[in-house]
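Chain residues, written in single-letter form:
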Amino acid sequence: MKRDSVFLIATQDGKRAIFVDKINASEILHYINQDERHKKKFLFITELILRRIKNPQLYDKEEINGRKTSVTAMKFFKGQENDRIYCREFSSKGKRQIIMAIILIEKKKTQKLTKPIKSLIEKISKYEYEVE
């Protein structure tokens, strides 16, 4: 079953776009908008993503047992709160690159991927979306 999404932002040419999973949208958007610090960090990370600037300290693919997945993570305040928004990258039918922000994990406690996080990554790597 395909999941619904909410559009957030796209490049001017529309070739790359960021959406949010509709089920988790209110939680993710509340986190982003809860204060200026979160909003500023989110806008900085999305700007890097849309401009295709690699910065693994802020946004990177998640690997499980050396195997790359379609899941990425926006990394907020590493070494502090260590919050994450797990995303999934895929191409739409129109060849547009989609970054789908799916779930927020606050206060990630370890650098390593724990068993529950690995399970979550496996689960969201299988989510399908219909986007325009």
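Placed above this text is the structure.
Treat the numbers as computed from the prediction; the structure is a model and nothing was measured.

*Asks:* What am I meant to see in the overall build of the protein here?
*Replies:* When helices and strands are tallied, the protein shows three helices and six strands. For the protein, the succession of helices and strands along the chain, N to C, is β-β-α-α-β-β-β-β-α. Here the C-alpha atoms of the protein give a radius of gyration of 14 Å, agreeing with the 14 Å that 2.2 N^0.38 yields for 132 residues. With the C-alpha coordinates aligned to their principal axes, the bounding extent of the protein is approximately 40 × 35 × 30 Å. Each of the 132 residues in the protein was classed as buried or not, and the buried ones make up 46%. Long-range pairs, those at least 24 residues apart, make up 51% of the contacts in the protein with a sequence separation of at least 6. Mean positive and mean negative side-chain charge positions of the protein (30 and 18 charges, respectively) differ by 5 Å.

*Asks:* Mind showing me how you'd approach the pattern of salt bridges here?
*Replies:* For the structure on display, the rule yields five salt bridges. One salt bridge connects Glu-130 with Lys-2, and the closest N-O pair in it is separated by 3.4 Å. Taken as a pair, Glu-130 in the segment after helix H3 (115-124) and Lys-2 in the segment before strand E1 (5-10) lie far apart in primary sequence, 128 residues in all. Residue classification places Glu-130 among the partly exposed positions, given a relative accessible area of 44%. A relative accessible area of 43% means that Lys-2 is categorised as partly exposed. The partner of Asp-21 in a salt bridge is Arg-3, with the nearest N and O atoms 2.8 Å apart. Residue Asp-21 is found in strand E2 (residues 16-21), and its partner Arg-3 is found in the segment before E1; the two are separated by 18 residues along the sequence.

Cut-offs used in this document
- Residues numbered from 1 in each chain as written.
- Predicted model: local features only at pLDDT ≥ 70, side-chain atom pairs only at ≥ 80, totals over all residues.
- Heavy atoms only, no water.
- Helix = DSSP H or I, 4+ residues; strand = E, 2+ residues; numbered from the N terminus.
- Rg over C-alpha atoms; globule rule 2.2 N^0.38 Å.
- Buried < 20%, exposed > 50% of the residue type's maximum accessible area, 1.4 Å probe, protein only.
- Contact = heavy atoms within 4.5 Å.
- Lys, Arg positive; Asp, Glu negative; His and termini not counted.
- Charge placed at Lys NZ, Arg CZ, Asp CG, Glu CD.
- Salt bridge = Lys/Arg side-chain N within 4 Å of Asp/Glu carboxyl O.

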